[in-house]
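One-letter residues, chain by chain:
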Amino acid sequence: MNPKRFFKFFAIAETVTWTLLLLGMFLKYVTHTTEIGVRIGGGIHGFIFICFVIAVIGVGTSQQWSKRRIATGLGSAIIPYATIPFERSVEKTGSLEGDWGLGRNGRTPQTWFEKFTSWCIRFPWLAIGIGIIFVIVVFSGLLIAGPPWEWGK
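Residues numbered from 1 in each chain as written. Predicted model: local features only at pLDDT ≥ 70, side-chain atom pairs only at ≥ 80, totals over all residues. Heavy atoms only, no water.

Peer 1: So what about helix H1 (residues 3-30)? Which residues, and what values?
Peer 2: In a regular helix each residue adds 1.5 Å, so 28 residues correspond to 40 Å; H1 covers 40 Å between its end C-alpha atoms and thus fits that length. All of the buried residues along H1 are Pro-3, Phe-7, Phe-10, Ala-11, Ala-13, Glu-14, Thr-15, Thr-17, Trp-18, Leu-21 and Gly-24. Of the residues flanking the end of H1, it is His-32, one or two places downstream, whose phi is positive at about 55 degrees. (Helix = DSSP H or I, 4+ residues; strand = E, 2+ residues; numbered from the N terminus. Expected span 1.5 Å × (residues − 1). Buried < 20%, exposed > 50% of the residue type's maximum accessible area, 1.4 Å probe, protein only.)

Peer 1: Can you lay out the UniProt feature "domain: DUF3817" (unreviewed entry) in the protein for me, pointing to particular residues and giving the numbers?
Peer 2: UniProt's feature table lists "domain: DUF3817" (unreviewed entry) at residues 5-91, given in the numbering used throughout. With 83% helix and 0% strand, the stretch residues 5-91 has end C-alpha atoms that lie 11 Å from each other. (UniProt positions renumbered as here; feature names shortened; annotations may be inferred.)

Peer 1: Residue-level account of the domain arrangement of the protein, with values.
Peer 2: Looking at the assigned domains, one finds that the protein contains domain 1 (3-122) and domain 2 (123-152). The distance between the C-alpha centroids of domain 1 and domain 2 comes to 16 Å. Tallying the contact residues gives nine residues for domain 1 and 10 residues for domain 2. Carbon and sulfur atoms make up 84% of the surface buried where domain 1 meets domain 2, a total of about 870 Å² over both sides. It is Phe-47, Ile-50 and Trp-119 in domain 1 that bury the most area against domain 2; as a group they hold 57% of the surface buried on that side. The interface formed by domain 1 and domain 2 includes zero salt bridges. (Domains from an automatic or database assignment. Contact = heavy atoms within 4.5 Å. Buried area = accessible area lost by both parts, 1.4 Å probe. Salt bridge = Lys/Arg side-chain N within 4 Å of Asp/Glu carboxyl O.)

Right, dumping it as structure tokens:
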């Protein structure tokens with residue numbers, strides 16, 4: 001899978017899960033019928049949000065995006081439906097074209113993070129397995145911690 005396809009998948013998934021979450025919020029707070037939509041939609045959205053953050057950082061590092069572009073990509077996940085315009089903007093500039101910059105035939109990684117990113121690109125199934133475990137641990141920790149406004153109580 002190339003960076004363009006990889007990134008586009010998570011940008012679209014982030015938008016779809018925003019829809020699930022917003023629909024769940026509508027059902028809970030406007031119609032007062034059920035909160036299951038927030039629980040399910042929110043859970044799925046939280047998981048995909050974390051995956052999108054990883055995608056922005058990984059693709060951005062591999063394709064040598066500026067820190068500003070990476071920060072903009074991360075910010076796009078916070079605003080509903082902003083990941084699609086961001087994905088289109090980086091596609092338009094050619095920042096998703098070609099093979100992985102840190103892939104097997106790419107440039108030599110310089111920093112520890114580039115080395116880590118390169119390893120993930122070269123061994124994707126192992127990286128995905130470890131990544132899934134990492135996301136589950138982070139996601140579980142966030143679920144256990146509860147809403148931020150209840151932290152420290």
